[in-house]
Amino acid sequence: MDKTSKKIIKYLKETPDKILLYHEEPYNKLNIEENEFFRCIRYLEKNGMVEFITNQNGIHLGAALTHIAIHEKSIKWDSFKNWFLSSFLGGIITGVTSTLLVELLLYLGAKLLALI
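Report follows, based on the coordinates. All figures in this text were calculated on a predicted structure; none of them were measured in a lab.

Quick look at the pattern of salt bridges
Enumeration according to the criterion identifies three salt bridges in this entry. The partner of Arg-39 in a salt bridge is Glu-36, with the nearest N and O atoms 3.0 Å apart. Linking Arg-39 with Glu-36, this pair stays in helix H3 (residues 34–46), spanning three residues, or about one helical turn. Relative accessible area serves as the criterion here: at 45%, Arg-39 is assigned to the partly exposed category. Using a relative accessible area of 25% as the deciding quantity, one classes Glu-36 as partly exposed. The salt bridge involving Lys-81 is made with Asp-78; its shortest N-O contact spans 3.6 Å. Taken as a pair, Lys-81 and Asp-78 lie in helix H5 (residues 72–115) at a separation of three residues, close to a single helical turn. Assessed through its relative accessible area of 35%, Lys-81 is described here as partly exposed. In this structure Asp-78 comes out as partly exposed when scored by relative accessible area, which is 37%.

Laid out in C-alpha cells, this is it:
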C-alpha cells in the first residue's frame, strides 16, 4: 500500500463512524489531488479495505472501512502466528524428528551387524 492509501486509511480510522463522504471533499482535508484520491479509493475497494456507500440508485456517496481495514494489525498478527507455527516450527520439528529416526536406524543397523 502506498503513502496516499495509508493516509486515507488513517484518516478514516480517526473519523467517528469510519465513514468518508465525498460531498465533504476529504481530499482537500488530506491535501491530496481529487483524481489521486479517487484512484486510491478504488484501489482500496478492490483490495477489500473500504466499501462504497451508495444510495438507492447505486450512486457512490462515500466510502467506509471494512472489518479487514479496521482490524488490520490483529489480522496480520494472527496470520504471522499461523505461518510461524505451521511453517517454521513445523519445519524444525520435522527436521529434528527425521534426524533422530535416521540416527536410530543407523544405531539399530550397527547393532544388528554386530550380532552377525
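Still more ground to cover, so stick around.
Brief notes about the side chain of Ser-5
With respect to the secondary-structure elements, Ser-5 resides in helix H1 (residues 3–14). Beyond its immediate sequence surroundings of up to four residues, Ser-5 is in contact with Cys-40, Tyr-43 and Leu-44.

Focus: the environment of His-67
One can find His-67 in helix H4 (residues 67–70). Among the residues examined, His-67 registers a relative accessible area of 54% and is labelled exposed. As a C-alpha pair, His-67 and Gln-56 span 11 residues in sequence and 23 Å in three-dimensional space.

Some thoughts on the pairing of strand S3 (residues 60–65)
Note that strand S1 (residues 19–21) and S3 share three bridges and pair antiparallel. Within the sheet, the bridge partner assigned to Ile-19 lies in S3 and is Ala-64. Note that strand S2 (residues 50–54) and S3 share five bridges and pair antiparallel. Bridge pairing in S3 links Glu-51 to Ala-64. Between the antiparallel neighbours S2 and S3 lie five residues, among them Gly-58 with a positive phi of about 85°.

A word on the sheet that holds S3
Within the open sheet, the three strands sit side by side as S1-S3-S2. Their pairing is antiparallel. Each edge of the sheet is formed by a strand with only one pairing partner; in this case those strands are S1 and S2. Across this sheet, the average inter-strand angle for adjacent strands is 25°, counted without regard to direction. Together, S1, S2 and S3 form the strand contacts of H1, whose direction differs from that of S3 by roughly 85°. Sheet strands touched by H3: S1, S2 and S3. Its angle to S2, the strand with the most contacts, is close to 110°.

Re the packing of H1 against H3
Here H1 crosses H3 at 80°, and the two axes come no closer than 10 Å. With respect to H3, the element H1 is oriented roughly perpendicular. Mapping the contact onto sequence places Thr-4, Ser-5, Ile-8 and Ile-9 in H1 and Glu-36, Phe-37, Cys-40, Ile-41, Tyr-43 and Leu-44 in H3. In the contact of H1 with H3, the residues fall into seven nonpolar, two polar and one charged.

Conventions and cut-offs
Here the residue numbers are simple positions, counted from 1 along each chain's written sequence. Note on the predicted model: pLDDT of at least 70 is required for a residue's local features to be given, and 80 or more for side-chain atom pairs to be given and counted; whole-chain, interface and lining totals, by contrast, use all residues. By convention in this description, side-chain values take in all heavy atoms of the structure and omit both hydrogens and water. Should a side-chain nitrogen of Lys or Arg be within 4 Å of a carboxyl oxygen of Asp or Glu, the pair is scored as a salt bridge. Secondary structure elements are taken from DSSP: a helix is a run of H or I of four residues or more, a strand is a run of E of two residues or more, and numbering for both begins at the N terminus. The classification of residues rests on relative accessible area computed with a 1.4 Å probe and restricted to protein chains. Under 20% of the type maximum is buried, over 50% is exposed, and intermediate values are partly exposed. Note on contacts: a residue pair qualifies if any of its non-hydrogen atoms lie within 4.5 Å across the two residues. Note on pairing: two strands pair once DSSP finds at least 2 bridges between them. As a rule, the C-alpha atoms of each element are fitted with a line to give its axis, helices using only the stretch in contact, and angles between N-to-C directions run from 0 to 180 degrees. When an angle is under 35 degrees it counts as roughly parallel; over 145 it counts as roughly antiparallel; between 65 and 115 it counts as roughly perpendicular; any other value is oblique. Amino acids outside the nonpolar list (Ala, Val, Leu, Ile, Met, Phe, Trp, Tyr, Cys, Pro) and the charged list (Asp, Glu, Lys, Arg) are all regarded as polar, and Gly is one of them.

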